[in-house]
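Single-letter residue listing:
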Amino acid sequence: MSQINKEEWKQKIMEALTQVFDPEIPVDIVNLGLIYDLQISDEGDVYIKLGLTAPGCPVVDDLVYTVEQVIKETVPAKKVDVDIDLETPWSPLRMTPEGREKFKKLYGYDIVEMWVQTYGLPTQEQKS
């Protein structure tokens, strides 16, 4: 088996996952900052850790399945492991600038500014 170009795979996967949308907020999971971790082994196994915008999200199984399928269609992964992180709360501060813009267009306000006004900027502990 030829050597896996992990960076290339990561790029392809992240690009493909911009087609997967959060069920609560119609912005893709990449720009929402819901991809907490993405690892690719030398053997071609893909591990991805996702956050959720809403804990107890009723369509979490659909999301896991969709992410799995997108990855399998994008790269010849031997195994795809999708892990849902229920411990790390998502906040709009994880969004990319593009995600913020999409949200602004959809809802007419900047969710990050509103979040900061409501909750203040996070301390270092909250960020990690």
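Just so it is clear, the structure is predicted and the values come from calculations on it, not from any experiment.

Rules and cut-offs
- Residues numbered from 1 in each chain as written.
- Predicted model: local features only at pLDDT ≥ 70, side-chain atom pairs only at ≥ 80, totals over all residues.
- Heavy atoms only, no water.
- UniProt positions renumbered as here; feature names shortened; annotations may be inferred.
- Helix = DSSP H or I, 4+ residues; strand = E, 2+ residues; numbered from the N terminus.
- Salt bridge = Lys/Arg side-chain N within 4 Å of Asp/Glu carboxyl O.
- Buried < 20%, exposed > 50% of the residue type's maximum accessible area, 1.4 Å probe, protein only.
- Pairing = 2+ DSSP bridges.
- Axes fitted to C-alpha atoms, helices over the stretch in contact; angles between N-to-C directions.

**Student:** Could you clarify how one ought to interpret the UniProt feature "domain: MIP18 family-like" (unreviewed entry) in the protein chain in this entry?
**Tutor:** Taking the numbering used here, the UniProt-annotated feature "domain: MIP18 family-like" (unreviewed entry) corresponds to residues 10-82. For residues 10-82, the helix share is 32%, the strand share is 22%, and the end-to-end C-alpha distance is 15 Å.

**Student:** What is the right way to look at the pattern of salt bridges in this model?
**Tutor:** Where side chains of opposite charge bring their charged atoms close, a pairing between them can arise. Scanning the entire structure with this criterion turns up eight salt bridges. In this structure, the salt-bridge partner of Glu8 is Lys12, at a minimum N-O distance of 3.3 Å. Of the two residues, Glu8 and Lys12 are both situated in helix 1 (residues 6-17); the distance of four residues between them amounts to about one turn of the helix. Judged by its relative accessible area of 39%, Lys12 is partly exposed. Lys102 is the partner of Asp28 in a salt bridge, and the nearest nitrogen-oxygen pair spans 2.9 Å. With Asp28 in the loop between helix 1 and strand 1 (35-40) and Lys102 in helix 3 (residues 97-107), this residue pair connects regions lying 74 residues apart in the sequence. For Asp28, a relative accessible area of 0% gives the class buried. On the accessibility criterion, Lys102 (30% relative accessible area) is partly exposed. Each of the salt bridges in this network shares a partner with another, and the network as a whole consists of Arg100, Glu101, Lys104 and Asp110.

**Student:** Where do I start with the sheet that holds strand 3 (residues 79-84) in this structure?
**Tutor:** Strand pairing within a sheet occurs via backbone hydrogen bonds; the two strands may be parallel or antiparallel. Taken together, the three strands give an open sheet; going across it, the order is 1-2-3, and neighbouring strands pair in mixed fashion. A strand with exactly one partner marks an edge of an open sheet, and here the two such strands are strand 1 and strand 3. When the angles between neighbouring strand axes are averaged without regard to direction, this sheet yields 10 degrees. Judged from the six bridges that link them, strand 2 (residues 45-50) and strand 3 form a sheet pairing that is parallel.

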